Amino acid sequence: MAGRTYKIRSSVAGTNQRKVYRLTVPPDIAELVPEEQGFVVEMTDEGLLYRLVETSPERELPAWARPKS
């Protein structure tokens, strides 16, 4: 992985000819990430930072909204 560079690539997709962009992830890293995991991207002084989108924890219902047992 060291020394390899990755580029942002673009192409035109769909019937509306929308331009889309892709950034390759090294396979040894991609295999460790669950499929469909979401990320948000930030542009920093050091480059692009992809932050994991945390799934929100299930909120406990208030007593009045819980099913009666």
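Computed from a prediction, not measured in an experiment: that's the story for all the values here.

Chemist: I would appreciate a short explanation of the overall build of the protein chain in the present structure.
Modeler: Counting its regular elements, the protein chain contains 1 helix and 4 strands. Taken from N to C terminus, the helices and strands of the protein chain fall in the order β-β-α-β-β. On the principal axes, the C-alpha backbone points of the protein chain span a range of 60 × 40 × 25 Å. Burial statistics for the protein chain: of 69 residues in total, 1% are counted as buried. Counting contacts in the protein chain only where the partners sit at least 6 residues apart, residues at least 24 apart contribute 12% of the total. Between the centroid of the 10 positive side chains of the protein chain and the centroid of its 10 negative side chains there is a distance of 8 Å.

Chemist: What exactly am I supposed to notice about the pattern of salt bridges here?
Modeler: Oppositely charged side chains may form a pair once their charged atoms are brought near each other. Throughout the structure, instances matching the rule amount to 2 salt bridges. With a closest N to O distance of 2.6 Å, Arg51 and Glu42 form a salt bridge. In this structure Glu42 comes out as partly exposed when scored by relative accessible area, which is 33%. Of the charged contacts, one joins Glu60 and Arg66 as a salt bridge, the two residues approaching to 2.8 Å between their closest N and O atoms. Using a relative accessible area of 63% as the deciding quantity, one classes Glu60 as exposed.

Thresholds, definitions, all that
Residues numbered from 1 in each chain as written. Predicted model: local features only at pLDDT ≥ 70, side-chain atom pairs only at ≥ 80, totals over all residues. Heavy atoms only, no water. Helix = DSSP H or I, 4+ residues; strand = E, 2+ residues; numbered from the N terminus. Buried < 20%, exposed > 50% of the residue type's maximum accessible area, 1.4 Å probe, protein only. Contact = heavy atoms within 4.5 Å. Lys, Arg positive; Asp, Glu negative; His and termini not counted. Charge placed at Lys NZ, Arg CZ, Asp CG, Glu CD. Salt bridge = Lys/Arg side-chain N within 4 Å of Asp/Glu carboxyl O.

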